[in-house]
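# Structure at a glance
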Amino acid sequence: MANVLIIGAGGVSAVTLKKCALLPQHFDDIYLASRTLAKCENLQQEIGKDRIKAVFALDADNAQEVTTLIKKLNPDLVVNLALPYQDLPIMDACLATQTDYLDTANYEPKDLAKFEYSWQWAYQAKFKEAGIMALLGSGFDPGVTNVYTAYAAKHFFDEIHYLDIVDCNGGDHGQAFATNFNPEINIREITQPGRFFENGEWKETAPLSVREDLDYQNIGVRASYLMFHEELESIVKHFPSIKRARFWMTFGDAYLTHLRVLESVGMTSIAPIDFKGQQIVPLEFLKAVLPNPGSLAEGYTGKTCIGTYITGLKDGKEKTIFIYNNCDHKACYEEVGAQAVSYTTGVPAMIGAALMLNKTWHKPGVWNMEQFDPDPFMEMLNEHGLPWHVLECESPFTK
Ligand code: NDP
């Protein structure tokens, strides 16, 4: 028996649940808990009580509450698909109950828009001692992009020198301004300064100030902006031959204009303000008025293209490859009622969970995705809706 407790009932969770439900060979009993019980009940009704055995209201900011629920259900694995703020309380509850843990995004304190692995890596010794495992960042980026890097290192290179992760959403949801995953987390991320790794140091750039126009497979040329993304931090640590590592994401002009206006009037701030005698956080208010990312799925057209350009040495010769996936919004909607950004995150969370539960990827401690054999994960990507391709090419970057 391999039982799993999934925490969070948003866009990503809905995809993971539906994929896990189809795989009784990996997942026996599935339990679901989240802040809003009604969302769990709706998913249980949609997927079936035979697969989602029970649902619970849970405040995952409260480690004690999570501990009590884990003790009651005794799952083999807790899959955290709530928000990054809940990573540490859920990891504490896993430690208290000696239960394995998986997430898709690194910890962020609520009152500080800063994301890095230090807080979760600090659990390494405690998890090891307890004989339990945490798998960090089992989404697409982070997640699949880390596995692509490990796959390239294993099969294509003797040494990796340059890494550029590119994330293009070439889709159209028809809204003036909307984010494709949790708006609060997304806007906190993209309004940060850019950061990249070069010759052993981290270098900072002004937010969204460095641009490359890149040609994406089956999409076309899109403006791509340098940003910091958490997988850079773990990948450069685990592949010390890397001389430069960067992350790029595409944004359209209309999106950037909306974002700049919202920022300039203070709507993206996380500092509380006094409003009619109440303290409110402007960004939390903005989240409440923006479309729910899950609601974008119906009628969403176009594709995503997310991948990793890697340049390095093989048999003394320099070469570049691009490993990537195209994911179609409409096809995701037809399969699981979701848009491609939720799908590309929810499927790798299911795969990571399956590999942990069947012990293909299992060792005590806190690990990033690139620290395991990439082959079984790459195989499951092909089987479960995220097929990948490898191109030998020239590096497309002018900078
Ligand atoms: P949503 O906002 O759609 O869903 C988050 C869910 O978590 C909601 O159901 C929410 O409850 C629940 N939740 C929030 N706070 C708590 C709490 N204190 N206790 C219990 N439940 C809580 O987000 P997404 O599904 O879009 O994103 C989920 C995660 O995936 C995020 O961490 C995001 O950063 C990550 N992600 C990772 C990607 C990757 O490629 N690695 C890409 C995209 C997302 P309620 O319904 O009440 O609001």
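As the structure is a computational prediction, the values presented were derived from the model and not from experiment. (Residues numbered from 1 in each chain as written. Predicted model: local features only at pLDDT ≥ 70, side-chain atom pairs only at ≥ 80, totals over all residues. Heavy atoms only, no water.)

## Examining the domain arrangement of the protein chain
Many structure descriptions define interface size as the accessible area lost when the parts assemble. The domain boundaries assigned to the protein chain delineate domain 1 (4-136) and domain 2 (144-337 + 387-393). Contact with domain 1, which involves 20 residues of that partner, is made by 16 residues of domain 2. With a closest N to O distance of 3.2 Å, Lys110 and Glu284 form a salt bridge. Across the domain 1-domain 2 interface, the total number found is 12 residue pairs in polar contact (both at pLDDT 80 or more). Those elements that provide at least two residues to the side of domain 1 that touches domain 2 are helix H1 (11-21) and helix H5 (118-121). (Domains from an automatic or database assignment. Contact = heavy atoms within 4.5 Å. Salt bridge = Lys/Arg side-chain N within 4 Å of Asp/Glu carboxyl O. Polar contact = N/O pair within 3.5 Å; in protein donor to acceptor, adjacent residues only side chain to side chain. Helix = DSSP H or I, 4+ residues; strand = E, 2+ residues; numbered from the N terminus.)

## Some thoughts on the nonpolar core
Of all hydrophobic cores here, the largest spans 93 residues; its most connected members are Ile6, Phe27, Ile30, Phe251, Phe377 and Leu381. Per-element tally for this core: the top contributor is helix H13 (residues 340-357), with 11 residues. Residue-level mapping places this core at the junction of two domains, with at least three residues from each of domain 1 (4-136) and domain 2 (144-337 + 387-393). Tyr31, Ile90, Met91 and Tyr117 belong to the second-largest nonpolar core, a separate cluster that totals 29 residues. (Core = buried A, V, L, I, M, F, W, Y, C linked by side-chain atoms within 4.5 Å. Buried < 20%, exposed > 50% of the residue type's maximum accessible area, 1.4 Å probe, protein only.)

## Re helix H2 (residues 37-47)
When H2 is considered as a whole, its buried residues turn out to be Cys40, Leu43, Gln44 and Ile47. End-on view of H2: buried residues confined to an arc of 100°, all on one side of the axis. Projecting away from the buried face of H2 at angles above 90 degrees are the exposed residues Gln45 and Glu46. Looking at the buried positions of H2, the neighbouring elements they touch are H1, strand E2 (30-34) and strand E3 (52-57). At the C-terminal side of H2, Gly48 shows a positive phi close to 120°. (Arc of directions from axis to C-beta.)

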